[in-house]
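A structural walkthrough
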Amino acid sequence: MKYIVTENYEQLSALAADIIAAQVIMKPNCVLGLATGSSPVGTYRELVKKYEAGRLDFSAVRSVNLDEYVGLKGDHPQSYRFFMQDNLFNHVNIKPENTFVPCGIAANLGAECAAYDARVEAFGGIDLQLLGIGVDGHVGFNEPDEVFAKGTHVVDLLESTIQANARFFASENDVPRQALSMGIATIMKAKKILLVANGEQKREVIEQAVNGPITPKLPASVLQLHPDVTIIFSKK
Ligand code: F6R
């Protein structure tokens, strides 16, 4: 595991974007696993800058996102599809048909999850998976639990997650109660993993994930078992 501490969020974002850009340059038709949330926003901004400068070509890239709220359509401003369009997809030349986010309004959520994993398999797996981390150690929507979740699955959101995400919705009642999320096994099968975390409030969980026991009670701790993980942390 590589653990890099940067001075600030700008440096974190620039470094993360350099790593993703290297992946795209080395393998133009790579499969990128992508995350939403506040942590990767700067990374996406830097990737857009590289694209605009003519230094990156996404035309053959395929992307699979980690998660999506159940019940939100892709045009809902709080849906993760909307976030991806807004922060990355609308600004680079990735083909819309090559971008995948779990469909939170699928009639059969179980079938959607199975089809999502089958697609990742059919792509030959994820080349590089970008992750954020929650203060409780969650990755994707894999919340602290008694066992590690395997494939893409339906998650009942914890009260703490609902409260943490309420700031993005008109009221706490509007926060979806469920989400679809790649499982830990889906994430762990990625060839490379890049986790970005910033802010003093993430320091303790990063320390636990890197040096603490490997336990589903802190889902990110499983990354210690992966052969190619880079964590970039910035306290600001
Ligand atoms: C987002 C996701 C979540 C976030 C995590 C951290 O797709 O899967 O696990 O990465 O909640 O969120 P931020 O970056 O907003 O602190």
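Throughout what follows, the structure given in this document is the object of discussion. (Residues numbered from 1 in each chain as written. Predicted model: local features only at pLDDT ≥ 70, side-chain atom pairs only at ≥ 80, totals over all residues. Heavy atoms only, no water.)

Considering all chains together, one arrives at six aromatic pairs under this definition. Seen from their ring centres, Y69 and F169 are 5.7 Å apart, and the 80° between their planes marks the pair as edge-to-face. Residue Y69 is found in strand 4 (residues 67–69), and its partner F169 is found in the loop between helix 5 (159–165) and strand 8 (178–181); the two are separated by 100 residues along the sequence. Take Y69: its relative accessible area is 2%, and that puts it in the buried class. On the basis of relative accessibility, which here comes to 10%, the residue F169 falls in the buried class. (Phe/Tyr/Trp six-rings, centres within 6.5 Å; stacked < 30°, edge-to-face > 60°. Helix = DSSP H or I, 4+ residues; strand = E, 2+ residues; numbered from the N terminus. Buried < 20%, exposed > 50% of the residue type's maximum accessible area, 1.4 Å probe, protein only.)

As a general point, the strands of a sheet are linked pairwise by backbone hydrogen bonds and lie either parallel or antiparallel. Sheet architecture is open: three strands sit in the order 4-8-7, paired in antiparallel fashion. Strands with a single pairing partner mark the edges of an open sheet, and in this sheet they are strand 4 and strand 7 (153–156). Here the average twist between neighbouring strands, direction ignored, is 25°. Relative to strand 8, strand 7 runs antiparallel, the two being bridged by four bridges. Note on strand 8: the bridge partner recorded for V154 is L180. (Pairing = 2+ DSSP bridges. Axes fitted to C-alpha atoms, helices over the stretch in contact; angles between N-to-C directions.)

Read from one edge to the other, the open sheet built from seven strands follows the order 1-10-9-6-2-3-5, with strand pairing classed as parallel. Two strands in the sheet have a free side with no partner beyond their single neighbour: strand 1 (2–6) and strand 5 (99–100). Across five bridges, strand 1 lies against strand 10 (residues 229–234) in parallel orientation. Pairing of V5 across the sheet is with F233, part of strand 10.

This part is about the site of the ligand. If you check the shell around the ligand, you find 13 residues, and the closest are S39, D67, H138, G140 and K202. Here an oxygen atom of the ligand and a side-chain polar atom of H138 are 2.7 Å apart. Against a free-state accessible area of 410 Å², the protein chains account for coverage of 87% of the ligand. When the residues that make up the shell around the ligand are grouped by side-chain class, the tally is four nonpolar, seven polar and two charged. (Near = heavy atom within 4 Å. Polar contact = N/O pair within 3.5 Å; in protein donor to acceptor, adjacent residues only side chain to side chain. Areas by Shrake-Rupley, 256 points an atom, 1.4 Å probe, with all protein chains shown as cover. Nonpolar A, V, L, I, M, F, W, Y, C, P; charged D, E, K, R; others polar.)

Attention now goes to the pairing of strand 6 (residues 128–131). Of the two faces of strand 6, both are covered, the one formed by L128 and L130 as well as the one formed by Q129 and L131. Note that strand 2 (residues 31–34) and strand 6 share two bridges and pair parallel. Bridged to L32 within strand 6 is L128. Both strand 6 and strand 9 (residues 192–198) contribute to a ladder of four bridges, which runs parallel. Following the sheet pairing, L128 is matched in strand 9 by K192.

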